[in-house]
Amino acid sequence: MIVEPATHGSVIEYDLLGQFDLSPQIILESIQYTHGVLDQIDKTLVEAGNERLASMIELANLSAIVGNLFRRGVSNASNGAFKANMPHTFPDLLAARPGGHDIEIKVALENNKPKGHLIKPGPYLTVRYVLANENGRYTRGKATRGDVVWIWEVRLGRLEGHHFNFSNTPGDSGKTAVINADGMTALAPVFVDLAKCPYTPTGPVARALTMLQASKIVRPGHSRRLP
């Protein structure tokens, strides 16, 4: 029996997307590219008798892989507007047209705030994901995490220096510049999958995202072929 792809989440149409040479289609294709490559890796691993990738590596490394794939997805889908920069090189996306904007990509798990090593103001895409099962069934909580990456939110906007909390204390694991609450608010949600939102459904963040979807023009999200 052929199983048709299911649709997950929705893109929220902002004029902001066009201001940064992006579009709803670029966002969707970037998500699908990221999921598609990860699915191919998982398929190869499982067929060889191994666990899925998310169960084999540290979550920080998994987030880095998601970011690298999303960067490539945006570049591929942008019709020449962006060129993917080298890994571990700021910014992640280089504008390939006059007057374009370079964009940095930051990734975080669940409701964590994305972070880097230094405060670097400028345009940002933030990508947050959860670990659900292969059917997209997600239950909040560390104990119930699955082993399949599902991007649940993408945000876009420009961050300034005060949008980061910087830490460089003796004995710390290293310099960290975390996007703070004001920074996350400064970024507009351009993709949301409320079915996989890691925030409490009745809490302020989930309610705000629900109200935002109800007040904006939205289009169906990405598709992912289910097993």
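So, a few notes on the structure that sits alongside this text.

About the cut-offs
Residues numbered from 1 in each chain as written. Predicted model: local features only at pLDDT ≥ 70, side-chain atom pairs only at ≥ 80, totals over all residues. Heavy atoms only, no water. Helix = DSSP H or I, 4+ residues; strand = E, 2+ residues; numbered from the N terminus. Buried < 20%, exposed > 50% of the residue type's maximum accessible area, 1.4 Å probe, protein only. Contact = heavy atoms within 4.5 Å. Pairing = 2+ DSSP bridges. Axes fitted to C-alpha atoms, helices over the stretch in contact; angles between N-to-C directions.

**Here we look at unusual backbone geometry**
Note that the residue after F90, namely P91, is joined by a cis bond; omega there is -10°. Mapped onto the secondary structure, P91 falls in the loop between strand 2 (82-84) and strand 3 (93-95). The backbone phi angle of D21 is positive, close to 60°, even though this residue is not glycine. Tracing the chain through its elements places D21 in the loop between helix 1 (15-19) and helix 2 (24-47). Given a relative accessible area of 31%, D21 falls into the partly exposed group.

**Re the environment of T176**
Along the chain, T176 falls in strand 9 (residues 176-179). We classify T176 as buried; its relative accessible area is 16%. Considering only alpha carbons, one finds T176 and F166, 10 residues apart in sequence, at a separation of 5.7 Å. Look past the residues within four positions of T176 in its chain and what remains in contact with it is G116, H117, N165, F166 and S167.

**Here's the deal with the sheet that holds strand 5 (residues 115-116)**
Strands sit in the order 5-9-8 across an open sheet of three strands; the sheet is antiparallel. Each of the sheet's edge strands pairs with one partner strand only, and the pair in question is strand 5 and strand 8 (164-167). By the bridge criterion, two bridges tie strand 5 to strand 9 in an arrangement that is antiparallel. For K115, the partnering residue across the bridge sits in strand 9 and is V178.

**Some remarks on the sheet that holds strand 1 (residues 6-12)**
As summarised here, the arrangement of the six strands in space is 4-6-7-10-1-11, forming an open sheet in which the pairing is mixed. Taken across any chain shown, the strands that pair with only one partner, and hence form the sheet edges, are strand 4 (104-109) and strand 11 (218-224). Averaged over all adjacent pairs, the angle separating strand axes in this sheet is 25°, with direction ignored. Pairing of strand 1 with strand 11 involves six bridges; the strand directions are antiparallel.

**Side note on the pairing of strand 6 (residues 122-132)**
The element strand 6 is extensively covered by neighbouring structure, given that 11 of its 11 residues are classed as buried. Sheet topology note: the strand 4/strand 6 ladder contains six bridges and is parallel. If you follow E104 over to strand 6, its bridge partner there is Y124. Bridging between strand 6 and strand 7 (residues 148-159) involves 11 bridges; their strand directions are antiparallel. Within strand 7, the position partnered with Y124 by the bridge is G157.

Interpretation in functional terms is not warranted from these geometric data alone.
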